[in-house]
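# Fold and contact review
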Amino acid sequence: MTTSTSENTMNGYRGPGRTVLENYGVDVWSDVEVKTTNGQFRGIILPRSETADDKHIVLKLDTGYNIGLAAEQITEITEHGKREANYKIPEQEFPTSPDKPNIVLFGTGGTIASRLDYRTGAVIPAFSPGELYGSVPELADYCNLRTEKLFGVFSENMGPEQYIKLAKRIGEVIEEGVDGIVIGHGTDTMHHTAAILTFMVQDAPVPIIMVGSQRSSDRPSSDAALCLINAVKAAAESDIAEVLVCMFGPTSDEYCLLHRGTRVRKMHSSYRSTFRTIGDIPLGMINPHKITTFRDDYKRRRDDRDVKLNINYSDEVTILYYYPGMKPDVMEAMIEKGYKGIVIAGTGLGHVNKPTYRALQNAKDAGVHVYMTVQTLWGYAGMYVYETGRIMMGLGVVPLANMLPEVAFMKLSWAIGQTNDREEVKRIMLEIIGDEITDREPYNGYLLYQGAVPEVQEFIKTIRR
Amino acid sequence: MERLPLKPFEEMSPTDYAEIGLKCGLEVHQQLLTETKLFCRCPAGQYTSTHDAEVLRHMRPTLSEMGEYDGTALMEKKTRKNITYRLHHATVCTYEFDDTPPFPINDEAVDIALQLAILLRLNLVNELHIARKQYLDGSIPTGFQRTTILGVDGWIPCKDHKIRIRQLGLEEDSCREVSDQGHDRVYLTDRLGMPLIEVVTEADMFTPQETAEVCNEIRKLCRSTQQVRRGYGATRQDVNVSVRGGTRIEIKGVPQIWRIPKLIYNEASRQVALLRIRDELNARSITEDTLETPNKDITQLLEKSSYVPVKNAIDKGLLVKCIKLPGFGGLMNTLTQEHTMFGKEFSDRVRVIACLTELPNIVHSDAASDSLWPQDWQKLRKRMNANDNDVLILVWGDEKDTTTACQEISIRAREATIGIPSDTRQPLKDGTNGFERVLPGADRMYPDTDLPPITVTDSRVNSARERNPEYVWDTEARFINGGMVIDDAERLCISPLAPLITYAITDLKIKPVFLGVLFSQKWRAFKRAGLQPKLLTNDAILLLLLALSSRLITREGIAWLIEILLSDLADKEEITKDDVENLLNELQMKPATEDELNTALDNAIASCSTVLFPTPMKKEKHLMGQLMRQLRGRVDGERILDILKDKLIPEIEITVAVKESVKS
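Read on for an overview of the structure.

Reading guide: rules and limits
- Residues numbered from 1 in each chain as written.
- Chains lettered and ligands numbered in written order.
- Predicted model: local features only at pLDDT ≥ 70, side-chain atom pairs only at ≥ 80, totals over all residues.
- Heavy atoms only, no water.
- Helix = DSSP H or I, 4+ residues; strand = E, 2+ residues; numbered from the N terminus.
- Buried < 20%, exposed > 50% of the residue type's maximum accessible area, 1.4 Å probe, protein only.
- Contact = heavy atoms within 4.5 Å.
- Polar contact = N/O pair within 3.5 Å; in protein donor to acceptor, adjacent residues only side chain to side chain.
- Pairing = 2+ DSSP bridges.
- Axes fitted to C-alpha atoms, helices over the stretch in contact; angles between N-to-C directions.
- Salt bridge = Lys/Arg side-chain N within 4 Å of Asp/Glu carboxyl O.
- Parallel < 35°, antiparallel > 145°, perpendicular 65-115°, else oblique.
- Left-handed = near helix turned anticlockwise from the far one by under 90°.
- Nonpolar A, V, L, I, M, F, W, Y, C, P; charged D, E, K, R; others polar.
- Buried area = accessible area lost by both parts, 1.4 Å probe.
- Core = buried A, V, L, I, M, F, W, Y, C linked by side-chain atoms within 4.5 Å.
- Phe/Tyr/Trp six-rings, centres within 6.5 Å; stacked < 30°, edge-to-face > 60°.

## Some points on the environment of Gln214 of chain A
All names here are of chain A. The topology assignment puts Gln214 in the loop between strand 12 (208-211) and helix 5 (224-237). Residue classification places Gln214 among the buried positions, given a relative accessible area of 11%. C-alpha separation for the pair Gln214 and Ile286, spaced 72 residues apart in sequence, amounts to 18 Å. Among residues more than four places away in sequence, those in contact with Gln214 are Thr187, Asp223, Met247, Lys266, His268, Ser269, Ser270, Tyr271, Arg272 and Thr274. Within the structure, Gln214 has its side chain in polar contact with the side chain of Thr187 (distance 2.9 Å). Of note is the side chain of Gln214, whose polar atom sits 3.4 Å from the side chain of Lys266.

Below, the structure written as structure tokens:
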């Protein structure tokens, strides 16, 4: 996060650390010589992280290294002036050309491109076209770029307010005539946003591409630049007019996959290739030179501006991850607190234990909409297979086939935002908008090969992952 | 052939080096002996030559503080390298190839580094901050090395003065390069992430030999802890060299200390030569401002050339470009290092940055006769509008690479008018060095946001201090002053046996020279004979030394007993005190009594009573040998000699008399 400068002195210092600085009349950015019981040190006093203890001060040495000195061991500090950090990102004008498509990049708070402040380590987001051009000049090969920062929140702090604002702005810029939209987003909940946008912004005439990065762009090995280049190319050049997630296919710097917004999920906390299409094949792959589609059943780019916006959302929906031994009071508490919709992630084909049936009955009686998805992520909820499933359906639980739990949650929030009518909600939930439920699971839609199996080893030895 | 600007290496004196203002510094990298790596739990010290999978990455420079790309960063961007990492199941996890954030730092490594920081008399920091040091060559998949400083401003003694130590860092080791051809560089990742320390000295050394000595002292200090790795590549040093008016040049990754002097000599020579070339160019009115270096695609002109590299290139459909360096005529063959001419500065750049790795990658008109026909050069001069004072350089490859090559040649020529470019140089086997990359700028360090700072408590420092051995130089001085052979002392002061030897000298009053022979020379003899002296526990050795000091066994006996132990118990995991005790009991080892000795001597004399010896000395030697064999380990040679003298007094006296007469 950016650290503000002069107006906020003693940045991060509290307790003994702050006292020692005050005692010697020095401050953050002071160029100092510090005498301690361990010897002498020379450097610049840096801001201290708010989460670090209050017993040390941080010094940047001439060699660029930072060190911490214990306040209680400091016997003298002499100031030799101040050297303040300068945070400005150099801007270069983003070149425009009448022949290139016009792309809008929305910022939601995830850092797409950034520059590092070498003195503090603060990451300064690069976002204006000029700043972006300074760090990823390749973008100008594909489009004329306009950027708009909608909000600055971490991915986990995205919520209804942001979804609604985002969907509205998408509708507006489509009407203004843009040729493609890119949304920079933190990766943690990117698939939630991709799902809700699929429901709120229907029949868009242009690509809506969500992109983020798993390694921040201040790192030389970051995936950010390649993801962004690919996303911009997809928005500018592809004929796929859908909400897609564009993220690394393999961990190698090779290509990105284009995932449908309703079938994609973040599957690893830190891998670059974390986004996977679940229960289906991705829509295509993309590198800076080429877009390859794997299927034909996608909505095509159009010249008209007839986008259908359906911006509704209820925050009275929750998701219940079933675990063995679950007591009915968990669900009863939800009902009591006034939740109108519950998506259950059940075991196997979509099961919960018998004691929960009582809570399901209560939910039905209270008019709460209960939907069933599967914890296994792959596969369909199959509630006719066992007697228990049928009992649950009798208690009003609606199975959602192979809709992913998070997608089901977003969709139910959207549906209940529109109506509370039981049948109408059910109709909305089961009406397919963007492959959130598919009729067929292809044989190659479930590929989780296990390491050490000889043929798999052979494969990963020859194919860069 | 021109001459080097310096006297031959062997003739260079400290005064000669002082005259050119040579200054050297060191960065000694030493791997630590830990079980696991620094920021993940993969095993350290396991090397593999095969791989299970590969990952491809590109390094993208990040903007520096001033909104400019750092010199190195820019260079690596130009090279457009595809970097392949080879992964082996046994040695890497997802951390090494940057798909998992770091785990907390390896405490074992911190503790060892702390011990060394104390030994280097550094001012210790109270809180470790992990920094990221950018490396864009791909040698680390993240693009940066995680590193931290434990202390600054220390010193070590070297002869009669102090060498200042700037700092000690703890960092992760990098990948091992497999190959680097064209735009493809391949790395092995097994070594990646192993903990190592970096000891940085100030530029306090003024001759190549002194630099090597200091390096050796630092290595000794490290090894004296017994906590560092040994063997090829476990210690590597960067040598910083500058001459008066020159630039600090870093020769990176010198694997052996003995290579250091020659490398420094050649680098000093190169810097002096480059300064002279600069002066010559300026005298010819070629300066940074006046230099213009036009280049042209001359592929068509050379279509019929028979010069093989050019012909092959044209056959493959590649381009040949010619670049003119006005006023450089005659300078390209100036010797900069032994067997190395100025022209190599250009060839190196083209190889490293334009990735034209197949040699020769350039030819130039100062060595005209080695390549094209004279008429071709004539045509080229005409086309390039060049006269005899100008140099023409040809380079071949695809459009992008030749464009980069021409740019780089132009940049290098411009640098020649200014002086010595700031390079990182790679050491070559013949003692010269080659261009590796542009020296990175200062702005490549930044804090690692993945890890919090680590407090170094006083108690942690104190226990590191307690674990430390005494100063290796004190140990060494004790050994040498006590009479140990210098070679043995140097070897044993860093040995795990050093504390035991010290105890044997100070408390058991055993002579250092004997201990040196036993633990250094005999030990090596055992190893040569296929035995493993390291099987002996310290307690076992201590018991043998105690037996010696209490005269239970003799000096000859101790080596003999060890040999028996090592051969008989070679299959054991270790040879303990109990094993020694058993053997001593079994052999009824105790010193021979006076009676035993006398009887043995009488028998021996009797057995050779009929033999005629040419001199009494020969007889004495014969008897001596026989008795030593018979009473092996139970009696000292000196004692036998004493008794022999008593028995053979008349004969001895004669011998002595003869000796005296010879002397006078």
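Still more ground to cover, so stick around.
## A look at the sheet that holds strand 22 (residues 369-374) of chain A
All names here are of chain A. Pairing in this open sheet of 4 strands is parallel, and the strands run 20-21-22-23 from one edge to the other. Strand pairing shows two members of the sheet lacking a second neighbour, strand 20 (317-321) and strand 23 (398-399), which therefore form its edges. Bridging between strand 22 and strand 23 involves 2 bridges; their strand directions are parallel. Note that in strand 23 the partner of Met372 across the bridge is Pro399. On the sheet, helix 6 (residues 328-336) packs against strand 20 and strand 21 (341-346) and is oriented at approximately 175° with respect to strand 20.

## Remarks on the pattern of salt bridges
The tally for this structure, following the rule as stated, stands at 80 salt bridges over all chains. A salt bridge links Glu332 of chain A to Arg358 of chain A; the shortest N-O distance between them is 3.3 Å. Here Glu332 of chain A is found in helix 6, whereas its partner Arg358 of chain A is found in helix 7 (residues 354-365), with 26 residues between them in sequence. According to the relative accessible area criterion, Glu332 of chain A is buried, its value standing at 17%. Arg191 of chain B is the salt-bridge partner of Asp173 of chain B, the closest N and O atoms lying 3.5 Å from each other.

## Considerations on the packing of helix 11 (residues 472-481) of chain B against helix 13 (residues 498-506) of chain B
Residues and elements named next belong to chain B. Between helix 11 and helix 13, the shortest axis-to-axis distance is 11 Å and the interhelical angle comes to 45°. When the interaxial angle is binned, helix 11 and helix 13 end up oblique. Of the two elements, helix 11 crosses helix 13, and the hand of that crossing is left-handed. Contact with helix 11, carried on its side by Thr475, Arg478 and Phe479, involves Ala498, Ile501, Thr502, Ile505 and Thr506 of helix 13 and no other residues of that element. Partitioned by chemical class, the residues of the contact of helix 11 with helix 13 number 4 nonpolar, 3 polar and 1 charged.

## Overview of the interface of chain B and chain A
Tallying the contact residues gives 59 residues for chain B and 55 residues for chain A. At the boundary of chain B with chain A, total buried surface from both sides reaches about 4700 Å², with 47% on carbon and sulfur atoms. Along the contact surface separating chain B from chain A lie 7 salt bridges. Close ionic contact of Asp98 of chain B with Arg219 of chain A constitutes a salt bridge, the shortest N to O distance being 2.8 Å. Linking chain B to chain A there are 30 residue pairs in polar contact (both at pLDDT 80 or more). In terms of residue class, the side of chain B that touches chain A is built from 21 nonpolar, 19 polar and 19 charged. One ladder, built from 2 bridges, connects strand 4 (residues 66-70) of chain A with strand 5 (residues 127-128) of chain B; its direction is antiparallel. Residue pairing for strand 5 of chain B: Ile67 of chain A is matched across the bridge by Leu128 of chain B.

## Quick look at the nonpolar core
In terms of nonpolar packing, the biggest core is built from 165 residues, with Leu168, Leu170, Phe328, Phe346, Leu515, Phe519 and Leu545 of chain B touching the most fellow members. Element by element, the count of residues in this core is highest for helix 5 (residues 260-283) of chain B, at 10 residues. Once you skip the residues sitting within four places of it in the chain, Leu515 of chain B turns out to touch Met484, Leu492, Ile501, Ala504, Ile505, Ile510, Ser520 and Leu545 of chain B. Among the nonpolar cores identified, the runner-up in size contains 92 residues, and Tyr133, Ile208, Cys227 and Leu258 of chain A belong to it.

## Remarks on the environment of Lys344 of chain B
Residue and element names in this part refer to chain B. Relative to the assigned elements, Lys344 resides in helix 7 (residues 343-353). Considered as a pair, Lys344 and Phe435 are 91 residues apart in the sequence and their alpha carbons are 9.1 Å apart. Filtering out sequence-adjacent residues up to four positions away, Lys344 remains in contact with Leu428, Asn433 and Gly434.

## Some details on the packing of aromatic side chains
Residue and element names in this part refer to chain B. Under the counting rule described, the total for this entry stands at 13 aromatic pairs over all chains. Consider the rings of Tyr85 and Tyr187, whose centres lie 6.0 Å apart with planes at 15°: the pair is stacked. Pair noted here: Tyr85 is in strand 3 (residues 82-87) and Tyr187 is in strand 10 (residues 184-188), with a separation of 102 residues, a long-range link. Relative to Phe346, the ring of Phe342 lies with its centre 5.3 Å away and its plane at 80°, an arrangement referred to as edge-to-face. The same class applies to Phe342 as to Phe346, namely buried.

## Regarding the packing of helix 3 (residues 160-176) of chain A against helix 4 (residues 190-200) of chain A
Residues and elements named next belong to chain A. It is the contact of helix 3 with helix 4, at a shortest axis distance of 10 Å, that shows an interaxial angle of 50°. One way to sum up the angle between helix 3 and helix 4 is to call them oblique. The way helix 3 lies across helix 4 gives a crossing that is right-handed. Residues Tyr163, Ile164, Leu166, Ala167 and Ile170 of helix 3 touch helix 4, and the partners they reach there are His192, Thr193, Ile196, Leu197 and Met200.

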